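Observations on chain architecture
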Amino acid sequence: MSEDAQTQLREQIQQAITDNPVVLFMKGTPEQPRCGFSARTVAALEATGSPFAAVDVLPHPAIRQVVSEISNWPTIPQLFVNGELVGGCDIVTEMYESGELAETLGVAPPDDAPDTVPDGEGAVPGPAPMGIENRLG
Amino acid sequence: MPTSEEIKLRIEAAIPGAEVAVEDLTGGGDHFRAEVLADAFAGKSRLDQHRMVYDVFGPEVGGPIHALSIKTQTRTP
C-alpha cells in the first residue's frame, strides 16, 4: 500500500470512529461474525439494545493495522464509544455483566436482557444495527 | 508454540508480584486465557491494565499467540 493510500485509510478509519457514537471494528459482520470474540462482542452490544456501527477488518489487513495504531490496542474486536476505545471482547463482556456497558452506551437494557452475554454462536439475531457496514471495504 | 506455563512465567517476570493463572483454551497452544492479579494495576484503567499484559508479548499477540483473553484484578485492601 502506498503512503498516500495508508494516509487516506487512516483518515477514513478516524472518521468512522468520530462519526459514529458507537462503532465496532470486528472480523466479519454482525450478521456473520467470523471470529468467536467478535461474535461475543456483537452479542453483548445487541443484548443492550444499543444501535451500533460495524466495520469488518477482514477485507484489508491494513484496516486492522491502522485501527491498532490509532487505539494502541493489539487485537480485534475493538469497541469505540464517542471516539474513545472502550475495549475488546473481554472488557466489553465484563462491562455487560456489571451493567457498565449499557451505562456507557447511554441505553437502558431491555427488561429481558440476560445477566451474561448470550452465546454468540446461534444467538437470536438482535435488531439490525444502524449505520455503516464495510464502509471501508 | 508457547505453553500455558511459559505464558504464566513471562507475565510474572514482567509484572512483579503478579499472581497469574493461564489456561490454554483450545489445547492448541494459540488461544490463551490469562487471569492476572497484581498490585501494579492499582490506579490504572482497565484498558491500561490489559495493555500491560498485552505488552509482555508485543507482536506475538495476533501472531503465534492468536488470541489472549485477559482478566485483570487489583488486590483490594
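Right above here is the structure, for reference.
Fair warning: this is a prediction, and the values are worked out from it, not measured in the lab.

1. So, the overall build of chain B
When its secondary structure is counted, chain B shows two helices and three strands. Counted from the first residue to the last, chain B has its helices and strands arranged as α-β-β-α-β. For chain B, whose C-alpha radius of gyration is 12 Å, the value lies close to the compact-globule estimate of 11 Å for 77 residues. Overall, chain B is about 35 × 20 × 20 Å in size when its C-alpha atoms are taken along their principal axes. Burial statistics for chain B: of 77 residues in total, 39% are counted as buried. Sequence separation of 24 or more characterises 53% of the internal contacts of chain B that already satisfy a separation of 6 or more. Working note: accessible area of chain B is about 4000 Å², and carbon and sulfur atoms make up 52% of it.

2. Here we look at the overall build of chain A
Assigned secondary structure in chain A consists of five helices and four strands. Listing every helix and strand of chain A by position from the N terminus yields α-β-α-β-α-β-β-α-α. Each of the 137 residues in chain A was classed as buried or not, and the buried ones make up 47%. For chain A, the proportion of contacts with a sequence separation of at least 24, taken over those separated by at least 6, is 66%.

3. Focus on the interface of chain B and chain A
One widely used convention gives an interface's size as the accessible area the parts lose upon coming together. Listed by partner, the interface residues are 15 residues for chain B and 16 residues for chain A. Considering only the side of chain B, the residues that lose the most area to chain A are B:R46, B:L47 and B:R51, jointly responsible for 45% of the buried surface there. Our count for the contact surface shared by chain B and chain A stands at three salt bridges. As a salt-bridge pair, B:R33 and A:D90 come within 3.7 Å of each other at their nearest N and O atoms. Where chain B packs against chain A, one counts seven residue pairs in polar contact (both at pLDDT 80 or more).

4. Thoughts on the state of the cysteines
Residue and element names in this part refer to chain A. Under the counting rule described, the total for this entry stands at zero disulfides over all chains. Here C35 is not cross-linked by a disulfide; its sulfur's nearest cysteine counterpart is in C89, at 7.8 Å. Judged by relative accessible area, C35 falls into the buried class, the value being 14%.

5. Here's the deal with the environment of A:L85
Positionally, A:L85 belongs in strand β4 (residues 84–87). A:L85 sits 77 residues away from A:Q8 along the chain, and the two C-alpha atoms are 21 Å apart. Those residues within four positions of A:L85 in sequence are excluded, and the remaining contacts are A:S71, A:W73, A:Q78, A:L79, A:F80, B:L47 and B:R51.

6. A look at the sheet that holds strand β1 (residues 22–26) of chain A
Residue and element names in this part refer to chain A. Judged by pairing direction, the sheet is mixed, and its four strands sit side by side in the order β2-β1-β3-β4 without closing on themselves. At either margin of the open sheet sits one strand with a lone partner, and together these are β2 (53–56) and β4. Here the average twist between neighbouring strands, direction ignored, is 25 degrees. Pairing geometry for β1 and strand β3 (residues 78–81), over four bridges, is antiparallel.

7. Overview of the nonpolar core
The nonpolar side chains of soluble globular proteins are, as a tendency, buried together. In terms of nonpolar packing, the biggest core is built from 57 residues, with A:F25, A:L79, B:I11 and B:L68 touching the most fellow members. Once residues within four sequence positions are removed from consideration, A:L79 is found in contact with A:V22, A:V23, A:L24, A:L45, A:E84, A:L85, A:V86, A:G87, A:V92 and A:L101.

8. Quick notes on unusual backbone geometry
All names here are of chain A. Residue P77 is reached from I76 by a cis peptide bond, and omega for that bond is 10 degrees. Of note, P77 is situated in the loop between α3 (61–71) and β3. Positioned with a positive phi, N72 is a non-glycine residue whose angle comes to about 55 degrees. Note on placement: N72 falls in the loop between α3 and β3. Phi angles above zero are rare outside glycine, and N82 is one such case at about 50 degrees. Note on placement: N82 falls in the loop between β3 and β4.

Rules used throughout
- Residues numbered from 1 in each chain as written.
- Chains lettered and ligands numbered in written order.
- Predicted model: local features only at pLDDT ≥ 70, side-chain atom pairs only at ≥ 80, totals over all residues.
- Heavy atoms only, no water.
- Helix = DSSP H or I, 4+ residues; strand = E, 2+ residues; numbered from the N terminus.
- Rg over C-alpha atoms; globule rule 2.2 N^0.38 Å.
- Buried < 20%, exposed > 50% of the residue type's maximum accessible area, 1.4 Å probe, protein only.
- Contact = heavy atoms within 4.5 Å.
- Areas by Shrake-Rupley, 256 points an atom, 1.4 Å probe, with all protein chains shown as cover.
- Buried area = accessible area lost by both parts, 1.4 Å probe.
- Salt bridge = Lys/Arg side-chain N within 4 Å of Asp/Glu carboxyl O.
- Polar contact = N/O pair within 3.5 Å; in protein donor to acceptor, adjacent residues only side chain to side chain.
- Disulfide = S-S within 2.5 Å.
- Pairing = 2+ DSSP bridges.
- Axes fitted to C-alpha atoms, helices over the stretch in contact; angles between N-to-C directions.
- Core = buried A, V, L, I, M, F, W, Y, C linked by side-chain atoms within 4.5 Å.

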